[in-house]
Each structure stands twice: as structure tokens, then as C-alpha cells.
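# Geometric and topological summary
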Amino acid sequence: HPFATDDESSPYSYSTIFDDSEMVGFDFEYDFCQPKVLTCTPEPDAFNPCEDILGYSFLRVLIWFINILAIAGNFTVLLVLLTSHYKLTVPRFLMCNLSFADFCMGLYLLLIASVDAQTSGQYYNHAIDWQTGSGCSTAGFFTVFASELSVYTLTVITLERWHTITYAMQLDRKLRLRHAVPIMLGGWLFSIGIAVLPLFGVSSYMKVSICLPMDIETSLSQAYILLILVLNVVAFIVICACYIKIYIAVQNPELVAANKDTKVAKRMAILIFTDFTCMAPISFFAISAAFKVPLITVTNSKILLVLFYPVNSCANPFLYAIFTKAFRRDFFLLMSKLGYCKSRAEFYRMNYFSAYNSNCKNG
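Quick caveat: nothing in here was measured; it's all calculated off a predicted structure.

## Observations regarding the environment of Leu-88
Relative to the assigned elements, Leu-88 resides in the loop between α2 (57-83) and α3 (90-118). In sequence terms Leu-88 and Leu-177 are 89 residues apart; their C-alpha atoms lie 8.3 Å from each other. Apart from the residues within four sequence positions on either side, Leu-88 is in contact with Phe-93 and Leu-177.

Here it is in C-alpha cells:
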């Protein structure tokens, strides 16, 4: 058996079964030469198959590409936004929160990929130490915290865009930074609370090798999983509804919306697709598993978790920041401070002041 081992630290121990009463006389050689019957204790189940953390070779390659993209993209966004000398506006503040959440998701993927690389081919010797240790708990906390904070922030950003476009001519109703800070503080407290619960017995990060809270043995654990999934589905519905309202608003001739808001609304249509790609398959199979009617094995679910689960973490920094003119301006201004791209930075600086003066003349 490829996983057979005598290591007592392994969660899977294998033994040969013989009937001592038959191992006498001339029957000894015959019975001894029979194929050995191996039993696995405990027996592998849907949550703990006798395999490596990722299982598939192609996932080992993809997870490194995805986590590097998520970490590099979101770190770049955070660095540029936090070092910009322009005023910290509500969209910038929300984008910083979103980038930090997605950056944490990249750290989770990096941790899982690193442990998988270290234990490749012999995970059965490390499973107990990993799944019951602080490493898996840390990884689980990171992914749940990052996932919930990202979804929460995406919802707030979408609501802020809808509110800004809908009430573009009513400056007294504009969302200020003093309003956004307590809103996001509530999101942080909620995300931390949700991520901490499995550490105190509500579900568990120790159930599977990828350290997700998949323990549904108790009613409280089932309720916990369903709560997370239902909240994510509700957030997706709110995001879709806001995008529809935004499109209706920007096409209303009676509404004089800012040109940049119109472009933002049209460009963000693709976010519905990325959000759906990220949430739909995971939520569908997770809800069925929460009701103890699994439609997919954990082995196959790892494909979803690597290919779909981190979609938003990779796409968000590009869709919300890197592809925008404001971010490119801040990026080249930062590079000019380091002695690079000075002509490009001057171009963006002149365009900014030209637009600013034009707005001032038009009142």
C-alpha cells in the first residue's frame, strides 16, 4: 500500500491481519504466503482521505500562481494607496480594507501551498501535527476572516457607489469618512468573531487538511456553516441589485451623474461575474454538505477551493484599483519619488490639475 507506514505519529496506522490458530504445521507456509490484508485505522472518510493536502499535481502548480498573484496584487494596491499624498477618500479607505482582506486570503493559500510542498508524498506522517496544531488554526482563521471581510467590504463598496450615483446632486447626503469608519469597524468585528468561533468549539478547523470549518457534527456547527453561507448569498443578491440600480440610474437623462461614476458603474459589471464564479459553486456544494447530503467529495472540492474560492482575491485589486486611472496616477507618482517614470508621472499630474481647474470653473 503506498501509504503503509509503521510511524506511530501517523493518523493512519496499517496492520496485517492473521489468524494465529491457522499458523501451525504445514498450513503455516501457505497462510504466510497469502496476500496481506491491510486495514487503515481510522478508516479514511470523505473528510480525511489518505492523500496529500492538495491531492492533484496540477493544483500544486496553480495554487502557487494564484497566491503569488493575490499577494503581489493586493500588496501593491495597499502600498500605493497608503503612500499617496492625495486625500484619503471613502473609496480609497474601502479599497484599503478590501485589499487587506484579499491579501490575507493570499497568505492562507501560501501557507497551505507551503505545507503541502513540505509534506508531499508523506502527509499521513504529519496530518495530526498539522491539523491539530497552531498552523492549521492560523490558516483557518486567516481564510474565514479574509473571506467574510472581503464579502462585507465588497457589499459596502457597491452600496457606496450606488448611493454616490443616486444622490450625486445632493451633497448633504454624501457618505463621509466619519460614516465609513464605524461601518467598516463593524465589519472587522463581525469577521473576527466569525473566524474565532471554530477555535472555541463551534465547528472546527481540524476536520480537514485545508483547514476550513467543515465540522457539522453538532446542530450548532451546522447553524454556523449555514449562517456564513446564507450571509454570503444575501451579500451577492445585494451586490447584483445595486448594480442593476446603478445601470438604471446612469441611463436616466434626468440625473446628472459625474462622468467618472458612469464609467465606474459600467466597468464594474464584470464584478457580478467574478462574484458569481467565486460564491455560487462553493455555496451550492457547501449548503448540501451542511445538510449532510454531500454532492462532492472533499478530494474533488479542493479543485473548487483552489480555482474558484480565491477568484475575488485575485480579481479585486485589478478591477477596483489597478485598472483605474486614479490608481495609475498614484502609482506613477510613487515611482517618480523613487526616481523612475518621471515623465509619465508629470503627465498624470498635469491631467489631474487640468481636470481640477475645469471643475472649479464650472462650479
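So that's the structure; there's more coming.
## Observations regarding the pattern of salt bridges
Counted according to the given criterion, the structure contains 5 salt bridges. Note that Lys-207 is salt-bridged to Glu-217, the shortest N-O span being 3.8 Å. Taken together, the residues span a long stretch of sequence, with Lys-207 in the loop between α6 (177-196) and α7 (219-250) and Glu-217 in the loop between α6 and α7 at a distance of 10 residues. A residue is classified by how much of its surface remains accessible, and Glu-217, at 52% relative accessible area, is exposed. Here Asp-330 ties to Arg-329 by a salt bridge, and the two come within 3.3 Å at their closest N and O atoms. By relative accessible area, Asp-330 is classed as buried at 4%. Three or more residues are tied together by salt bridges with common partners; here these are Arg-92, Arg-329 and Asp-330.

## Points about the packing of aromatic side chains
Any two aromatic rings considered together are summarised by their centre-to-centre distance and by the angle between their planes. Applying the stated criterion to the full structure yields 5 aromatic pairs. Aromatic pair Phe-75 and Phe-103: ring centres 6.4 Å apart, planes at 40 degrees, arrangement tilted. Of this pair, Phe-75 sits in helix α2 while Phe-103 is found in helix α3, placing the two residues 28 residues apart along the sequence. Owing to a relative accessible area of 46%, Phe-75 belongs among the partly exposed residues under this scheme. Residue classification places Phe-103 among the buried positions, given a relative accessible area of 18%. Ring geometry for Phe-141 and Phe-145: centres 5.9 Å apart, planes at 0 degrees, overall stacked. Placement of the pair is Phe-141 and Phe-145 together in helix α5 (residues 134-166), with a separation of 4 residues, close to one helical turn. The exposure class assigned to Phe-141 is partly exposed, which follows from its relative accessible area of 24%. Residue classification places Phe-145 among the buried positions, given a relative accessible area of 5%.

## Re a nonpolar patch on the surface
The grouping of Phe-190, Leu-227 and Leu-231 at the surface amounts to a nonpolar patch, some 230 Å² of accessible area in total. With respect to the helices and strands, Phe-190 occurs in helix α6.

## Focus: the UniProt feature "transmembrane region" (unreviewed entry) in the chain
In the numbering used here, UniProt assigns the "transmembrane region" (unreviewed entry) feature to residues 61-82, 94-115, 139-159, 180-203, 223-248, 269-291 and 303-323. As a span, residues 139-159 carries 100% helix and 0% strand, and end to end its C-alpha atoms are 30 Å apart. Overall, residues 223-248 shows 100% helix and 0% strand. The separation of its end C-alpha atoms is 37 Å.

## With respect to the state of the cysteines
Using the criterion set out here, one finds 1 disulfide in the structure. A sulfur-sulfur separation of 2.0 Å characterises the disulfide bridge that pairs Cys-136 with Cys-211. Across the S-S bond linking Cys-136 and Cys-211, the dihedral sits near -125 degrees, which makes this disulfide left-handed. Taken together, the residues Cys-136 in helix α5 and Cys-211 in the loop between α6 and α7 connect sequence positions 75 residues apart.

## Let's talk about the packing of α3 against α5
Running from amino to carboxyl end, α3 crosses α5 at an angle of 155 degrees, the nearest separation of the two axes being 8 Å. Taken together, the axis directions place α3 and α5 in an arrangement best described as roughly antiparallel. Remark: the crossing between α3 and α5 carries left-handed chirality. The residue inventory of the contact of α3 with α5, partitioned by class, reads 21 nonpolar, 6 polar and 3 charged.

## Overview of the side chain of Asn-232
Inspection of the secondary structure assignment puts Asn-232 in helix α7. Relative accessible area serves as the criterion here: at 10%, Asn-232 is assigned to the buried category.

## Some remarks on the nonpolar core
Ranked by size, the top nonpolar core spans 67 residues in total, and within it Ile-53, Tyr-108, Ile-112 and Trp-130 carry the most contacts. Per-element tally for this core: the top contributor is α3, with 14 residues. Ile-53 has contacts with Ile-112, Val-115, Asp-116, Thr-119, Tyr-123, Trp-130, Ser-209, Ile-210 and Lys-302, leaving out every residue within four places of it along the chain.

Calculation criteria
- Residues numbered from 1 in each chain as written.
- Predicted model: local features only at pLDDT ≥ 70, side-chain atom pairs only at ≥ 80, totals over all residues.
- Heavy atoms only, no water.
- Helix = DSSP H or I, 4+ residues; strand = E, 2+ residues; numbered from the N terminus.
- Contact = heavy atoms within 4.5 Å.
- Salt bridge = Lys/Arg side-chain N within 4 Å of Asp/Glu carboxyl O.
- Buried < 20%, exposed > 50% of the residue type's maximum accessible area, 1.4 Å probe, protein only.
- Phe/Tyr/Trp six-rings, centres within 6.5 Å; stacked < 30°, edge-to-face > 60°.
- Patch = residues over 30% accessible without salt bridge, like charges linked within 9 Å, V, L, I, M, F, W, Y side chains within 5 Å.
- Areas by Shrake-Rupley, 256 points an atom, 1.4 Å probe, with all protein chains shown as cover.
- UniProt positions renumbered as here; feature names shortened; annotations may be inferred.
- Disulfide = S-S within 2.5 Å.
- Axes fitted to C-alpha atoms, helices over the stretch in contact; angles between N-to-C directions.
- Parallel < 35°, antiparallel > 145°, perpendicular 65-115°, else oblique.
- Left-handed = near helix turned anticlockwise from the far one by under 90°.
- Nonpolar A, V, L, I, M, F, W, Y, C, P; charged D, E, K, R; others polar.
- Core = buried A, V, L, I, M, F, W, Y, C linked by side-chain atoms within 4.5 Å.

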